[in-house]
Amino acid sequence: MFVCTRDLCGQFGVRGYPTLKFFPAGESKKPIDYNGQRAVADWTNFLKTNNVITDADIPAPAADKKEL
């Protein structure tokens, strides 16, 4: 679990919880605020919208296993 110190929270504009920010790789990139729902599909859509991932990065769902 990550705990935000007062200085760090102030640096990134965190004023309340829960606050979700995505930090892209690379020192020159700024964090991106996430204000969407907390479902996996919403987070995935956020990452795709911000060009972090593409459909090719998302694994196909596992095939249904049928018992004999």
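Anything mentioned here points back to the structure above.
Bear in mind that the values here come from a model prediction, so they are computed numbers and not experimental data.

Rules used in this analysis
- Residues numbered from 1 in each chain as written.
- Predicted model: local features only at pLDDT ≥ 70, side-chain atom pairs only at ≥ 80, totals over all residues.
- Heavy atoms only, no water.
- Helix = DSSP H or I, 4+ residues; strand = E, 2+ residues; numbered from the N terminus.
- Buried < 20%, exposed > 50% of the residue type's maximum accessible area, 1.4 Å probe, protein only.
- Areas by Shrake-Rupley, 256 points an atom, 1.4 Å probe, with all protein chains shown as cover.
- Phe/Tyr/Trp six-rings, centres within 6.5 Å; stacked < 30°, edge-to-face > 60°.

J.: I'd like to hear about the overall build of the chain, residue by residue, with values.
T.: A count of helical and extended segments in the chain gives 2 helices and 2 strands. Element order for the chain, N to C, with α for helix and β for strand: α-β-β-α. In the chain, buried positions account for 13% of the 68 residues. With the model as given, the accessible surface of the chain reaches about 6,400 Å², and the carbon-plus-sulfur share is 55%.

J.: Go over the packing of aromatic side chains with me, naming the residues and quoting the values.
T.: Here the structure, examined in full by the defined rule, presents 5 aromatic pairs. Here the aromatic rings of F12 and F23 are separated by 5.1 Å at their centres, their planes lie at 85°, and the arrangement is edge-to-face. Taken together, the positions of F12 in helix α1 (residues 6–12) and F23 in the loop between β1 (20–22) and β2 (32–34) put the pair 11 residues apart, joining distant regions of the chain. For F23, a relative accessible area of 46% translates into the label partly exposed. Each ring, one from W43 and one from F46, has its centre 5.2 Å from the other, and the planes form 25°; the classification is stacked. Within this pair, W43 and its partner F46 are both found in helix α2 (residues 40–49), separated by 3 residues, close to a single helical turn. Owing to a relative accessible area of 31%, W43 belongs among the partly exposed residues under this scheme. F46 sits in the buried class, given a relative accessible area of 11%.

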